[in-house]
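Chain residues, written in single-letter form:
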Amino acid sequence: PATRIGLWFGGCLFASGVVAAVVSGWLTDRASKKGASEGALRWALLSAGIALVTASYAVAPDPHWLLAILLVQSTASSICSIICVITIQLRLPNELRGVGSAFTSLGNMLFGLGMGPTLVALATDRLYRDHAALDISIITVIAPAFAIATALLFVHLGARDRARQ
């Protein structure tokens, strides 16, 4: 029933957030101890790639697969986001950390919480013109978002590598 899937869906999102917070902190600390600040961003890049590949969770063939893929996708997405926030805090000078955090939060709210659901609704209503196309609409919105995030992380890491040479 719908009530069960909703409970499991929420439980997967909650669990993935907790796991991602612990894993992200551990990965970032481990990279910092090795003196490889971009090591954490490489983990973020890997996580963004995993989130991109698993963005198709919405069209999973059955509820069990949907929840399993959602758990992986949400964990990877959260790890990427958390590592990026941690990296901003570590790399910015003290006097800019508040501004950096504020702009990061603004971007998350505007793009993730504001534009995300709006674009899914527009894709469902205007692009596909079918309320049953919600699953495809979700993929239409989140797959390009993860592709852009992955590309930006990849470009950033490449620029850092060239700057070090």
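Refer to the structure presented above.
Residues numbered from 1 in each chain as written. Predicted model: local features only at pLDDT ≥ 70, side-chain atom pairs only at ≥ 80, totals over all residues. Heavy atoms only, no water.

*Asks:* What exactly am I supposed to notice about unusual backbone geometry here?
*Replies:* Non-glycine residue arginine 129 carries a positive phi angle of around 50°. Locating arginine 129 in the fold gives a position in the loop between α4 (97-127) and α5 (134-164). Overall, the relative accessible area of 67% leaves arginine 129 in the exposed class. (Helix = DSSP H or I, 4+ residues; strand = E, 2+ residues; numbered from the N terminus. Buried < 20%, exposed > 50% of the residue type's maximum accessible area, 1.4 Å probe, protein only.)

*Asks:* Looking at this structure, I do not really get the environment of aspartate 135. What am I missing?
*Replies:* Counting through the fold element by element, aspartate 135 comes out in helix α5. For aspartate 135, a relative accessible area of 28% corresponds to the partly exposed category. The spatial distance from the C-alpha of aspartate 135 to the C-alpha of tryptophan 26 is 34 Å, given a sequence separation of 109 residues.

*Asks:* Whenever I open this one, α5 confuses me. Can you help?
*Replies:* Every α-helix winds through 3.6 residues per turn, so residues three or four apart in the chain are directed the same way. With 31 residues, α5 should cover 45 Å at 1.5 Å per step; its first-to-last C-alpha distance of 45 Å lies within 8% of that length. Burial in α5 covers these residues: Ser137, Ile139, Val141, Ile142, Phe146, Thr150, Leu153 and Leu157. (Expected span 1.5 Å × (residues − 1).)

By themselves these figures say nothing about function.
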